[in-house]
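Structural overview
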Amino acid sequence: MIADVGRPPSPAAAGFGPVEATKLERALRMTLALRGLVITIFGAVLPAAMATFSLNNAQASLLPLVGGMGAIAAALSVSSLLDRWGARRTTLTMAWALLLASLILGSAPAWPFFVIGAFLVNWGAGGMSTVNSVLLALVYRGRGGAAFNRNFLFVGIGSVASPLLVGAMLASAGSWRWTFAALAAAFAGMILVAWRAPYPPPEPRSVKAGATGERPWWQRRALILCALSLVCYVGAEVGLTTWAARFLVAERDAPIALSATVVSIFWSGMILGRYSFSRLLRSGNEKRLVGLAGAMAAGTVVAFIRAPGAIWPVLALAIGGLAFGGLWPTVMSYAAARAIGYTGIASGVLIALGFIGALMVPAAVGVLSTWVGLGAALGVSAVSITLSTILFALA
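Numbering of residues begins from 1 in every chain and follows the order in which that chain's sequence is written. Totals for whole chains, interfaces and linings use every residue, but because this is a predicted model, local features are given only for residues with pLDDT of at least 70 and side-chain atom pairs only at 80 or more, for both listing and counting. As a rule here, side-chain values cover all heavy atoms of the structure and leave hydrogens and water aside.

Another point: the nonpolar core. The term nonpolar core refers to a set of buried residues drawn from Ala, Val, Leu, Ile, Met, Phe, Trp, Tyr and Cys, joined through side-chain atoms within 4.5 Å. Only protein chains enter the accessibility calculation, which uses a 1.4 Å probe; a residue is then buried when its area is under 20% of its type maximum, exposed when over 50%, and partly exposed in between. Core analysis: the largest hydrophobic core is formed by 130 residues, its most contacted members being Phe42, Phe114, Phe180, Phe304 and Phe324. The element that contributes the greatest number of residues to this core is helix α5 (residues 111-139), accounting for 16 residues. Among all residues touching Phe304, those that are not within four sequence positions of it are Leu240, Ala244, Phe247, Leu248, Pro313, Ala316, Leu317 and Leu378. Helical segments are the DSSP runs of H or I of at least four residues, strand segments are the runs of E of at least two, and each set is numbered from the N terminus. Should any heavy atoms of two residues lie within 4.5 Å, those residues are counted as being in contact.

This paragraph deals with the packing of aromatic side chains. Classification of ring pairs uses Phe, Tyr and Trp, with its six-membered ring standing for Trp, and accepts pairs whose centres are within 6.5 Å; under 30 degrees between planes counts as stacked, over 60 as edge-to-face, and the remaining range as tilted. Counted according to the given criterion, the structure contains 13 aromatic pairs. Summarising the aromatic geometry, the rings of Trp176 and Phe180 are spaced 6.1 Å apart at their centres and angled 85° between planes, so their arrangement reads as edge-to-face. Phe180 gets classed as buried once you look at its relative accessible area, which sits at 1%. For the pair Tyr233 and Phe324, a centre-to-centre distance of 5.9 Å together with 50° between the ring planes defines the contact as tilted. Here the residue Tyr233 occupies a position in helix α9 (residues 221-252), and Phe324 occupies one in helix α13 (residues 311-324), the gap between them amounting to 91 residues.

Turning next to helix α3 (residues 62-85). To estimate how far a helix should extend, the number of its residues minus one is multiplied by 1.5 Å. For α3, spanning 24 residues, the distance from its first C-alpha to its last is 33 Å, which sits close to the expected 34 Å at 1.5 Å a residue. Fitting one axis to the seven residues ending at a residue and another to the seven starting there, the bend at that residue is the angle between the two axes. At Ser77, α3 is deflected by roughly 40°, the largest bend along its length. Directly after α3, the chain includes Gly86, whose backbone phi takes a positive value near 90°.

Positionally, Phe154 belongs in helix α6 (residues 145-173). Each C-alpha atom of the pair Phe154 and Arg35 lies 8.7 Å from the other, and the pair is 119 residues apart in sequence. Apart from residues lying up to four places away in sequence, Phe154 is in contact with Arg29, Leu32 and Ala33.

With 14 residues, α13 should cover 20 Å at 1.5 Å per step; its first-to-last C-alpha distance of 20 Å lies within 8% of that length. Within the span of α13, buried status applies to Pro313, Val314, Ala316, Leu317, Gly320, Gly321, Ala323 and Phe324. Looking straight down α13, one finds that the buried residues subtend no more than 165° of arc, so they occupy a single side. Of the residues in α13, the exposed ones pointing more than 90 degrees away from the buried face are Ile311 and Trp312. Here the arc refers to the directions that run from the helix axis out to each C-beta atom.

Looking now at the packing of helix α11 (residues 262-280) against α13. Angle between the axes and distance between the axes are the two parameters that describe a pair of packed helices. Orientation of α11 relative to α13, taken along the N-to-C sense of each, is 35°, at an axis distance of 6 Å. In this structure, α11 crosses over α13, and the sense of that crossing is right-handed. Residues Val262, Ile265, Phe266, Gly269, Met270, Leu272, Gly273 and Ser276 of α11 touch α13, and the partners they reach there are Val314, Leu317, Ala318, Gly320, Gly321, Leu322 and Phe324. Here an axis means a line fitted to C-alpha atoms, over the contact stretch when the element is a helix, while the angle between two N-to-C directions is reported on a 0 to 180 degree scale. Crossing chirality is assigned from the near helix's rotation relative to the far helix, an anticlockwise turn below a right angle marking it left-handed and a clockwise turn marking it right-handed.

Reading fine detail from the predicted coordinates is not recommended where pLDDT is low. As a per-residue measure, pLDDT tells how confident the predictor is, with possible values from 0 to 100. Residues with a pLDDT of 70 or more make up 90% of the protein, whose mean pLDDT is 85. The low-confidence segment residues 207-212 (pLDDT under 50) makes five contacts with residues lying over four places distant or belonging to another chain.

Moving on, we get to empty space enclosed by the protein. Put plainly, a pocket is an open set of points on a 1 Å grid over the protein atoms alone with protein on both sides within 12 Å along at least five of seven lines, a cavity is a set where a 1.4 Å probe fits but cannot get out, and a lining residue has an atom within 4 Å of a point. Grid points are joined across faces, edges and corners, and a volume is the space filled by probe spheres set on the points. Summed over all chains, the structure comprises four cavities of 30 Å³ or more. Reported here for the second largest cavity is a volume of approximately 40 Å³. In terms of lining residues, the second largest cavity is bounded by Leu24, Ala27, Leu28, Thr31, Thr91, Val193, Ala194, Ala197 and Tyr199. When contributions to the lining of the second largest cavity are tallied by element, the ones reaching two or more residues are α1 (18-53) and α7 (177-196). With four residues, the single largest contributor to the lining of the second largest cavity is α1. Looking at the lining of the second largest cavity, its residues break down into seven nonpolar, two polar and no charged. Polarity classes work like this: nonpolar for Ala, Val, Leu, Ile, Met, Phe, Trp, Tyr, Cys and Pro, charged for Asp, Glu, Lys and Arg, and polar for all others, with Gly in that last group.

A contiguous nonpolar surface patch, about 580 Å² in accessible area, is contributed by Leu62, Leu65, Met69, Phe119, Ile356, Leu359 and Met360. Taken together, the elements giving at least two residues each to the nonpolar patch come down to α3 and α15 (343-372). Note on patches: the residues involved have over 30% relative accessible area and no salt bridge, like charges join within 9 Å, and the nonpolar side chains Val, Leu, Ile, Met, Phe, Trp and Tyr join within 5 Å. Working definition of accessibility: Shrake-Rupley area with a 1.4 Å probe, residue cover restricted to the visible protein chains. In what follows, salt bridge is the name for a side-chain nitrogen of Lys or Arg lying within 4 Å of a carboxyl oxygen of Asp or Glu.

Structurally, Ser388 is set in helix α17 (residues 379-394). For Ser388, the residues in contact, after removing those within four places along its chain, are Ser229, Cys232 and Tyr233.

As structure tokens, then:
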């Protein structure tokens with residue numbers, strides 16, 4: 001049952017009632033689950049793809065950089081596409097990009113084609129995530145925290161399922177290419193769902209700031225602090241999930257089978273965390289919940305680094321996922337509610353900045369690990385999530 005749809009629609013969504021909101025959420029959940037598949041699928045197929053294309057680590061390291069650039073480009077382009085084409089056509093454009101990218105990745109004859117496909121699939125996935133954020137902000141203006149959390153938990157479902165999909169394809173078909181064939185079929189279904197979904201009317205533009213005495217949206221203190229909070233949050237999350245498996249193998253002598261599951265375990269906790277936030281969030285208690293979850297997240301990162309053996313760190317990581325889960329959707333919804341008239345461009349910039357954090361923190365952990373060891377370097381994630389919580393509290 002969707003709790004928010006019984007309330008009157010927001011002014012931005014006038015004429016867009018509870019029935020339409022429910023149908024839209026169903027469509028968004030499918031697109032977000034497929035977005036989750038994209039998040040972790042490259043890590044799952046990369047070893048097999050490296051063997052196919054005879055790559056070294058330096059060549060393979062190009063993939064996350066190119067993927068991040070694609071996601072940033074998408075987040076920054078969505079606002080202009082929404083203005084020009086509207087929500088339906090923009091969503092369909094992203095879905096077609098994902099389908100084309102899957103076909104390129106599955107049939108790539110050489111590594112450069114695989115890299116092009118990685119850019120395109122991240123452009124489509126990043127754009128889809130941004131469009132979904134804008135649509136939720138429009139439909140649930142000022143009360144979107146619960147809606148963001150209950151819908152974005154489906155990203156976690158896709159992220160947990162991705163390694164299982166790759167493993168099943170490798171076991172049954174013997175080739176990683178069939179993974180992208182399966183994705184192409186899923187994205188074809190996404191196109192049909194996106195085409196049939198109802199969409200809210202476009203958001204009316206606010207009058208120019210100079211005419212009302214208000215500051216432009218990019219100069220508003222709350223939005224600036226939320227943006228910095230998201231940079232720190234995404235950096236902390238991606239830094240932890242990027243290096244967690246390596247840390248367990250190198251520092252805790254964990255079996256490879258166990259270390260390979262840690263990202264799925266973390267994302268399972270994220271699903272529960274977002275579901276919990278969707279039930280607990282009320283207007284006015286966002287900062288209290290984020291403060292508690294942020295302190296818990298920082299503590300679990302420290303516990304992951306310091307706990308002995310292999311099992312205790314994995315348990316800490318699962319609890320950490322629970323704490324991390326609701327932070328990003330809650331900060332995003334809080335910021336979007338304070339960018340009325342500019343939801344598209346503000347959401348795009350916020351998400352793009354988050355992707356920048358995803359590029360910076362994992363790289364910082366890798367560089368620091370050569371000097372202080374991987375365990376100490378992972379403390380950057382604990383510091384980042386603490387900063388994220390403090391910045392949001394000040395917003």
